[in-house]
Amino acid sequence: MTAQVMQTLRSDARDNRERILAAARVAFATDGLDVPMREIARRAQVGVATVYRRFPTKEVLLAEAFAEQLALCSSVVQEGLAAADPWRGFCLVIERLMEVHALDRGFSRAFTSQPAVADYFTADRDRTLRLLLELVRRAKESGGLRADFVLEDIILALMANDGIRADSPAVRVAASRRFAALMLQSFQADPVRAPLPPAVRLPLSAR
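A.B. asks: Can you tell me about the pattern of salt bridges, naming the residues and giving the values?
C.D. replies: All chains considered together, the criterion is met by 11 salt bridges. The shortest N-O distance in the salt bridge between arginine 138 and glutamate 134 comes to 2.9 Å. A residue pair is termed a helical-turn pair when its members lie 3 or 4 positions apart in one helix, as arginine 138 and glutamate 134 do in helix α8 (residues 119-141) at four residues. Its salt-bridge partner being arginine 137, residue glutamate 141 comes within 2.8 Å of it at the nearest N-O pair. Placement of both glutamate 141 and arginine 137 in helix α8 is noted, with a separation of four residues, approximately one turn of the helix. Among the residues examined, arginine 137 registers a relative accessible area of 37% and is labelled partly exposed. In this structure, a network of salt bridges that share partners links the residues Glu134, Arg137, Arg138 and Glu141.

Here is the structure:
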């Protein structure tokens, strides 16, 4: 087999892999995490055997599809921990996490649920949650975060954030920012009634 043919095969394999991952992200976001592998193959315009050759199980596919978003979440939390003011660091994390989750409902569902995903996805998510716990502890000690706050309150906020329905990603993010501001006022030990971000018109808003 010539080097040119080998290069073409490798290029085709890379293209197939990217198409499968792109189709999986859309499918998980629109149809949930239970979407069949056959449907993902159909959307990617490849055979089911090709999908299984690249990703032996749906759990491996799910983990690969959201690896970038998970790394971003971890980076956001580390940035919050590095802030001089723990409360401001906490606010930054809540705002950024909600934005990341608002832009990818499939990832949001994977992050806030307990799917039987590949071990390294679960491990990376758990490391991110441990970093969040440390940030919560510091924010409480600084007096900014209410004493009865628990990590599950962040998960609850992210689940509620996933329920935002909007006509475009930009509107979805804008609505998420306003929701994050409301949540942060409820999380604060001594709430400061700062002005909220602008309201956005959502599908069920009164006309």
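Next comes the rest of the account.
A.B. asks: Provide a residue-level description of the environment of leucine 135, including the pertinent values.
C.D. replies: Secondary-structure assignment places leucine 135 in helix α8. Classification of leucine 135 by relative accessible area gives buried; the value is 1%. In the structure, leucine 135 is positioned 48 residues away from tryptophan 87 in sequence and 8.7 Å away in space, judged by C-alpha atoms. Apart from the residues lying within four places of it in its own chain, the contact partners of leucine 135 are Gly80, Leu81, Pro86, Gly89, Phe90 and Val93.

A.B. asks: Any details on the packing of aromatic side chains? Residues and values, ideally.
C.D. replies: Here the structure, examined in full by the defined rule, presents six aromatic pairs. Taking 5.9 Å as the distance between ring centres and 50 degrees as the angle between the ring planes, the aromatic pair formed by phenylalanine 28 and phenylalanine 66 counts as tilted. Linking phenylalanine 28 in helix α1 (residues 3-31) with phenylalanine 66 in the loop between α4 (58-65) and α5 (67-82), this pair joins segments that are 38 residues apart in sequence. With respect to class, phenylalanine 28 is no different from phenylalanine 66; both count as buried. Pairing tryptophan 87 with phenylalanine 90 gives two aromatic rings, centres 5.6 Å apart and planes at 20 degrees, and the pair type is stacked. On the criterion of helical spacing, the pair formed by tryptophan 87 and phenylalanine 90 is a turn pair, its members being three residues apart in helix α6 (residues 86-103).

A.B. asks: I'd love a proper account of helix α10 (residues 169-187), names of residues and values included.
C.D. replies: With 19 residues, α10 should reach 27 Å at 1.5 Å per residue; the first-to-last C-alpha distance of 26 Å fits that figure. For α10, the secondary structure elements touched by its buried residues are α6, α7 (105-112) and α9 (151-162).

A.B. asks: Describe the packing of α9 against α10, naming the residues involved and giving the relevant values.
C.D. replies: In the contact formed by α9 and α10, the axes pass within 10 Å of each other and the chain directions differ by 150 degrees. Taken together, α9 and α10 sit at an angle that is classed as roughly antiparallel. Helix-helix and strand crossings are classified by hand; for α9 and α10 the assignment is right-handed. Every residue of α10 that contacts α9 at Asp153, Ala157, Ala160, Asn161 and Asp162 is listed here: Arg172, Ser176, Phe179, Met183 and Phe187. In the contact of α9 with α10, the residues fall into five nonpolar, two polar and three charged.

A.B. asks: Describe the side chain of glutamine 69, with residues and values.
C.D. replies: By secondary structure assignment, the location of glutamine 69 is in helix α5. Accessibility expressed as a relative area gives 14% for glutamine 69, which makes it buried. A polar contact is formed between the side chain of glutamine 69 and the side chain of aspartate 104, at a distance of 2.7 Å.

A.B. asks: I'd like to hear about unusual backbone geometry, residue by residue, with values.
C.D. replies: It is generally the case that most residues other than glycine have a negative phi and that most peptide bonds are trans. The backbone of glutamine 45 shows a phi angle near 60 degrees, a positive value even though the residue is not glycine. With respect to the element layout, glutamine 45 can be found in the loop between α2 (37-44) and α3 (48-54).

A.B. asks: Which residues make up the side chain of aspartate 162, and what values do they have?
C.D. replies: Here aspartate 162 lies in helix α9. Ignoring anything within four residues of it in the chain, the contact list for aspartate 162 reads Arg105, Ser108, Arg109 and Arg172.

A.B. asks: Help me get a handle on the confidence of the model for the chain, residues and values and all.
C.D. replies: The predicted model of the chain has a mean per-residue pLDDT of 84, with 89% of residues at 70 or higher. The least confident element of the chain, judged by mean pLDDT, is α1 at 74; the most confident is α2 at 94.

Criteria and cut-off values
- Residues numbered from 1 in each chain as written.
- Predicted model: local features only at pLDDT ≥ 70, side-chain atom pairs only at ≥ 80, totals over all residues.
- Heavy atoms only, no water.
- Salt bridge = Lys/Arg side-chain N within 4 Å of Asp/Glu carboxyl O.
- Helix = DSSP H or I, 4+ residues; strand = E, 2+ residues; numbered from the N terminus.
- Buried < 20%, exposed > 50% of the residue type's maximum accessible area, 1.4 Å probe, protein only.
- Contact = heavy atoms within 4.5 Å.
- Phe/Tyr/Trp six-rings, centres within 6.5 Å; stacked < 30°, edge-to-face > 60°.
- Expected span 1.5 Å × (residues − 1).
- Axes fitted to C-alpha atoms, helices over the stretch in contact; angles between N-to-C directions.
- Parallel < 35°, antiparallel > 145°, perpendicular 65-115°, else oblique.
- Left-handed = near helix turned anticlockwise from the far one by under 90°.
- Nonpolar A, V, L, I, M, F, W, Y, C, P; charged D, E, K, R; others polar.
- Polar contact = N/O pair within 3.5 Å; in protein donor to acceptor, adjacent residues only side chain to side chain.
- pLDDT = per-residue confidence, 0-100.

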